[in-house]
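One letter stands for each residue in the lines below.
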Amino acid sequence: SDADRVMSSLAQLKELFPPTDPSAAHKVNVQFWTYSRHGPIASHREVAVPEWTEVEENYTSSTRAGLDRLMRDFRPAHGGQLILWHGEAGAGKTFALRALAWEWRDWCEFKYIVDPDSFFGEHADYLMQVLTQPGYAEMPDPRAMQHMAMGGDFPYFPGGPPGAGEGSEAWRLLVLEDTGELLTPDAKAVIGQGLSRFLNVVDGLIGQGLRILVLVTTNEPIKALHPAVARPGRCAANIEFERLSAQEANEWLERHGAAEPVGQPTLLADLYAAMEGREAGSSVSVSFAD
């Protein structure tokens with residue numbers, strides 16, 4: 001019944017239980033988009049992510065050099081808005097994607113497109129809603145409201161993009177995983193206008209004035225992609241995810257306490273399989289009895 005006593009108690013509670021730093025849990029907020037019978041739907045989820053320094057030794061030297069430039073020194077709007085990652089399945093592209101989300105957390109929102117064929121296909125409203133939707137920092141996020149109600153400061157993007165100064169508007173990264181079929185020379189014949197719309201988002205009229213980056217991962221070799229995709233000026237980064245050489249693979253196994261060496265270039269997934277006592281490329285068969 002005493003307002004002063006209430007405020008004093010709240011102040012004491014805030015001193016005893018200060019608001020936690022959202023980055024302390026090593027999680028980032030990712031927005032997942034899909035198209036339903038009711039139109040575009042977004043869901044938010046916190047995803048656990050590693051720092052780049054935790055996973056950089058998972059990659060061969062050339063791949064690591066390209067990723068390092070993205071993780072540490074990348075400046076958006078310089079050299080194109082498309083980021084292309086290609087290589088065999090199991091080479092560690094998803095590991096790197098999670099690390100990128102952590103390293104860019106101060107200035108970039110991650111939007112994961114679950115169904116790229118629909119996004120660039122017949123549903124134009126899907127594409128436009130994602131591109132024009134306000135960012136997290138402009139929306140009443142429940143965590144931000146709770147944090148500020150406790151008297152804390154909750155800037156989603158405290159640093160702004162590299163070189164842009166503090167308080168700059170956030171960039172958005174559209175993530176399209178395993179989307180090689182969208183970028184092949186016969187893409188138009190297979191999925192209609194998807195390739196054209198994709199290129200228009202990257203550097204056409206649709207994407208003009210929007211702080212949008214697009215990251216595509218594909219298991220297709222680069223020579224199988226449409227030549228318009230990877231041309232200079234459109235592609236800010238073109239990184240091939242290669243197998244670790246036999247020497248790099250054995251050094252990796254030694255660091256992780258494995259005694260059995262390999263004698264050939266090896267995929268990252270196969271190294272983790274070896275750590276778990278499984279053969280490279282093996283699978284587990286489970287049967288269900290009546």
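The structure this text deals with has already been given above.
As the structure is a prediction and not an experimental result, all values here were calculated from the model. (Residues numbered from 1 in each chain as written. Predicted model: local features only at pLDDT ≥ 70, side-chain atom pairs only at ≥ 80, totals over all residues. Heavy atoms only, no water.)

A.B. asks: Explain the pairing of strand β3 (residues 82–87) here, please?
C.D. replies: Consecutive side chains along a regular strand alternate between the two faces of the sheet. Of all six residues in β3, six are buried; the element is thus mostly enclosed. Side chains L82, L84 and H86 project from β3 onto one buried face, and the interleaved I83, W85 and G87 project onto a second face that is buried too. The pairing of β3 with strand β6 (residues 212–218) spans five bridges and is classified as parallel. In the sheet register, H86 faces β6, and the bridge partner there is T218. Summarising the sheet, β3 and strand β7 (residues 235–241) pair through six bridges and their orientation is parallel. When the bridges of β7 are listed, H86 appears paired with E240. (Buried < 20%, exposed > 50% of the residue type's maximum accessible area, 1.4 Å probe, protein only. Helix = DSSP H or I, 4+ residues; strand = E, 2+ residues; numbered from the N terminus. Pairing = 2+ DSSP bridges.)

A.B. asks: Explain the sheet that holds β3 here, please?
C.D. replies: Hydrogen bonding along the main chain pairs the strands of a sheet, whether they run parallel or antiparallel. Reading across the sheet, the seven strands line up as β2-β1-β4-β5-β6-β3-β7 and stay open at both edges, with mixed pairing between neighbours. What marks the edges here is a single partner per strand, and that holds for β2 (39–48) and β7. Within this sheet the neighbouring strands show an average axis-to-axis angle of 20°, counted without direction. Running over the sheet, helix α3 (residues 61–73) touches β3 and β7 and is turned about 145° from β7. Taken strand by strand, helix α4 (residues 93–103) contacts β1 (27–36), β2, β3, β4 (108–113), β5 (171–176), β6 and β7, and its axis lies near 150° from that of β3. (Axes fitted to C-alpha atoms, helices over the stretch in contact; angles between N-to-C directions. Contact = heavy atoms within 4.5 Å.)

A.B. asks: Quick question: what am I supposed to make of the pattern of salt bridges here?
C.D. replies: Pairing between side chains becomes possible if they bear opposite charge and their charged atoms approach one another. This structure, assessed with the given rule, holds five salt bridges. Two residues, D68 and R72, come together in a salt bridge whose shortest N-O distance is 2.6 Å. Taken together, the positions of D68 and R72, both in helix α3 and four residues apart, correspond to about one turn of that helix. Judged by its relative accessible area of 23%, D68 is partly exposed. Across the salt bridge formed by E109 and R172, the nearest N and O atoms sit 3.9 Å from each other. Taken together, the residues E109 in strand β4 and R172 in strand β5 connect sequence positions 63 residues apart. (Salt bridge = Lys/Arg side-chain N within 4 Å of Asp/Glu carboxyl O.)

A.B. asks: Even after reading the chapter, I still don't get the packing of aromatic side chains, so can you show me in this structure?
C.D. replies: The geometry of an aromatic ring pair is captured by the separation of the ring centres together with the interplanar angle, meaning the angle of the planes. In total, this model carries 10 aromatic pairs according to the counting rule given. Here F74 and W107 contribute two aromatic rings whose centre-to-centre distance is 6.5 Å and whose plane-to-plane angle is 25°, an arrangement assigned as stacked. Within this pair, whereas F74 is found in the loop between α3 and β3, its partner W107 is found in the loop between α4 and β4, the two being separated by 33 residues in sequence. Look at F74 and you get buried, because its relative accessible area is 8%. Here the aromatic rings of F95 and Y272 are separated by 5.7 Å at their centres, their planes lie at 20°, and the arrangement is stacked. You can see F95 sitting in helix α4 and its partner Y272 sitting in helix α11 (residues 268–275), a full 177 residues away along the chain. The class for F95 is partly exposed, based on a relative accessible area of 27%. Taken together, W52, Y59, W85 and F241 form an aromatic cluster joined through their ring pairs. Across the ring face of W102, the terminal group of R105 is positioned such that the distance to the ring centre comes to 3.8 Å. (Phe/Tyr/Trp six-rings, centres within 6.5 Å; stacked < 30°, edge-to-face > 60°. Lys NZ or Arg CZ within 6 Å of the ring centre and 35° of its normal.)

A.B. asks: Is there a simple way to think about the packing of helix α10 (residues 246–255) against α11 in this case?
C.D. replies: The angle between the axes and the distance between the axes are what describe a pair of packed helices. Where α10 meets α11, the closest approach of the two axes is 11 Å, and the angle between their N-to-C directions is 35°. For the element pair α10 and α11, the recorded crossing hand is right-handed. Across the interface between the two elements, A249, W252 and L253 from α10 touch L268, L271, Y272 and M275 from α11. Of the residues assigned to the contact of α10 with α11, the class counts are seven nonpolar, no polar and no charged. (Left-handed = near helix turned anticlockwise from the far one by under 90°. Nonpolar A, V, L, I, M, F, W, Y, C, P; charged D, E, K, R; others polar.)

A.B. asks: Is there a simple way to think about the nonpolar core in this case?
C.D. replies: Where a protein is soluble and globular, its nonpolar side chains tend to be buried together. Core analysis: the biggest nonpolar cluster contains 34 residues, and L70, I83, W85, L100, W104, F110 and L173 have the highest contact counts within it. The biggest single contributor to this core is α4, with six residues. If sequence neighbours within four positions are ignored, W85 has contacts with L67, L70, K93, A96, L97, L100, L215, V216, T217, T218, I239 and F241. (Core = buried A, V, L, I, M, F, W, Y, C linked by side-chain atoms within 4.5 Å.)

A.B. asks: Just checking my understanding: could you explain α10 for this structure?
C.D. replies: The α-helix winds at 3.6 residues per turn, so residues separated by three or four positions along the chain end up facing the same way. For α10, every residue scored as buried is listed here: E248, A249, W252 and L253. Axial view of α10: buried residues confined to an arc of 135°, hence all on one face. Facing away from the buried surface of α10 by more than 90 degrees, the exposed residues are Q247 and E254. Buried residues belonging to α10 abut α3 and α11. Positive backbone phi, at 80°, marks G257, one or two positions downstream of α10. (Arc of directions from axis to C-beta.)

A.B. asks: I'm lost on α3 in this one. Help?
C.D. replies: Under the 1.5 Å per step criterion, the end-to-end length of α3 is 17 Å for 13 residues, consistent within 8% with the ideal 18 Å. Those residues of α3 hidden inside the fold are in contact with α2 (52–55), β3, α4 and β7. (Expected span 1.5 Å × (residues − 1).)

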